[in-house]
Amino acid sequence: MKQSDMKGHLAAFVTIFIWGTTFISTKVLLKSFSPIEILFIRFLIGYATLWLVYPHQLKPAEKKQELCFAAAGLCGVTLYYLMENMALTYTLASNVGVIISIAPFFTAIFSFFLRKEDKPGKRFFLGFVMAMAGICLISGSSGAALSLNPLGDILAIGAAIIWAVYSLLTRKIGDFGYHVVQATRRTFFYGLIFMLPVLFLMDFRVEAAQLIQLSNLGNLLFLGLGASALCFVTWNYAVRALGSVKTSVYIYMVPVITAVASALILGEKITAASAVGILLTLGGLFLSQKWGKETAEDAAEAAVQPEGEQQALE
């Protein structure tokens, strides 16, 4: 494995490890803030942090590049998190966790049709099925069985599609050759801009007394510095190193990290079903990562499969 690939895998793992534990901080903050307030504050902290880390202005060479940054901010920051939070108000968290995890499937399909990248082979789809089965077991073991709720589930599917679009935009932005911190900061800027109308609609009210509470301040800093500033930089780096598809499949690990973190931090038990789910999910992740290295026989076999095989998404 190339050194750049190893760094990419490490960056993706670090990102997912932190994102998988953010639910704890969010859970605490929801006692004092609304979801949109948490979202805006964390990305504002992230944006300011990235300026301090790399205080160099980015000047896009073309208007098309600026539009790409704006689209990435709209998709990866504003729309994704808003749709995910809205989905949680209409359907079960277990539904949202499972549905969001299909984002890698959409990323692979979009990459093939829009970027003309390699067609995902049978290992990718087998890994997808294994991971989804594992994620369903992990979610089901939490005690909340999956149930159909059209509006919430559609919003969750929309969030997964939006994240897939963001992954492709990130790959395109990587091709521009800008410093990853600069590019991420530019994306944050547009994400914050697109959030402003929502803030007015949802009655944004944050008082200093809320911010200076030690628990609130600590969790906001964790979300702003870690889950936003650091993780979006490492995620974007991973996309540059591995590609949008191979990086996206790390999303399968979010429910795994969440289950383990719940057991270690909140004292929740890992049941036999969730243990099997964790193993299936990790196995699916491994298979999906290997799809680009299939043998010539596998590739030839996949080439004669009908188009419907591409249609199977935490």
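All of these numbers come straight from a predicted model, not from anything done at the bench. (Residues numbered from 1 in each chain as written. Predicted model: local features only at pLDDT ≥ 70, side-chain atom pairs only at ≥ 80, totals over all residues. Heavy atoms only, no water.)

Engineer: Even after reading the chapter, I still don't get the overall build of the chain, so can you show me in this structure?
Structural biologist: On a plain count of helices and strands, the chain comes out with 15 helices and 0 strands. Scored against the burial criterion, the 314 residues of the chain give a buried share of 51%. With an accessible surface of roughly 14800 Å², the chain has 68% of that area assigned to carbon and sulfur atoms. (Helix = DSSP H or I, 4+ residues; strand = E, 2+ residues; numbered from the N terminus. Buried < 20%, exposed > 50% of the residue type's maximum accessible area, 1.4 Å probe, protein only. Areas by Shrake-Rupley, 256 points an atom, 1.4 Å probe, with all protein chains shown as cover.)

Engineer: Could you clarify how one ought to interpret the packing of helix α8 (residues 150–175) against helix α11 (residues 214–242) in this entry?
Structural biologist: A pair of packed helices is characterised by two quantities: the angle between their axes and the separation of those axes. For the pair α8 and α11, interaxial distance at closest approach is 9 Å and the crossing angle is 70°. As the angle between them shows, α8 and α11 are arranged roughly perpendicular. Here Trp-163, Tyr-166, Ser-167, Thr-170, Arg-171, Ile-173 and Gly-174 of α8 come into contact with α11, specifically with Phe-232, Trp-235, Asn-236, Val-239 and Arg-240. Residue classes in the contact of α8 with α11 are distributed as 6 nonpolar, 4 polar and 2 charged. (Axes fitted to C-alpha atoms, helices over the stretch in contact; angles between N-to-C directions. Parallel < 35°, antiparallel > 145°, perpendicular 65-115°, else oblique. Contact = heavy atoms within 4.5 Å. Nonpolar A, V, L, I, M, F, W, Y, C, P; charged D, E, K, R; others polar.)

Engineer: Can you help me understand the side chain of Arg-42 in this one?
Structural biologist: By the element assignment, Arg-42 lies in helix α3 (residues 35–53). Buried charge without a partner: Arg-42 forms no salt bridge, and the closest opposite charge is Glu-84, 7.0 Å away. Looking at Arg-42, its side chain comes within polar contact range of the side chain of Ser-228, at 2.9 Å. Setting aside chain neighbours within four positions, we find Arg-42 in contact with Tyr-81, Leu-223, Gly-224, Ala-227 and Ser-228. (Lys, Arg positive; Asp, Glu negative; His and termini not counted. Salt bridge = Lys/Arg side-chain N within 4 Å of Asp/Glu carboxyl O. Polar contact = N/O pair within 3.5 Å; in protein donor to acceptor, adjacent residues only side chain to side chain.)

Engineer: What is the right way to look at the side chain of Gln-182 in this model?
Structural biologist: Residue placement: Gln-182 occurs in helix α9 (residues 180–201). Owing to a relative accessible area of 10%, Gln-182 belongs among the buried residues under this scheme. Residues contacting Gln-182, with those up to four places away along its chain left out, are Tyr-54, His-56, Gln-57 and Leu-58.

Engineer: Help me understand α11 in this model?
Structural biologist: Roughly 40° is the biggest bend found in α11, and it falls at Cys-231. Once α11 ends, the next one or two residues include Gly-243, with phi positive near 100°. (Bend = angle between axes of the 7 residues up to and from the residue.)

Engineer: I would appreciate a short explanation of the packing of aromatic side chains in the present structure.
Structural biologist: In this description, an aromatic ring pair is defined by two values, namely the gap between the centres and the angle between the planes. One pass over the full model with this rule turns up 26 aromatic pairs. Ring centres 5.4 Å apart and planes at 40° place the aromatic pair Trp-19 and Trp-235 in the tilted group. Separated by 216 residues along the polypeptide, Trp-19 in helix α1 (residues 3–19) and Trp-235 in helix α11 bring together distant segments of the chain. The pair formed by Trp-19 and Trp-235 is uniform in burial state, with each residue classed as buried. One aromatic cluster is present, built from ring pairs that chain together Trp-19, Phe-43, Tyr-80, Tyr-81, Trp-163, Tyr-166, Phe-188, Phe-232 and Trp-235. (Phe/Tyr/Trp six-rings, centres within 6.5 Å; stacked < 30°, edge-to-face > 60°.)

Engineer: Can you walk me through the packing of α3 against helix α4 (residues 63–90) in this structure?
Structural biologist: The interhelical angle for the contact between α3 and α4, taken along N-to-C directions, is 150°, at an axis separation of 11 Å. With respect to α4, the element α3 is oriented roughly antiparallel. In terms of crossing hand, the pair formed by α3 and α4 is right-handed. Facing α3, whose interface residues are Pro-35, Ile-36, Leu-39, Arg-42 and Phe-43, α4 presents Val-77, Tyr-81, Leu-82 and Asn-85. Among the residues making up the contact of α3 with α4, the classes are represented as 7 nonpolar, 1 polar and 1 charged. (Left-handed = near helix turned anticlockwise from the far one by under 90°.)

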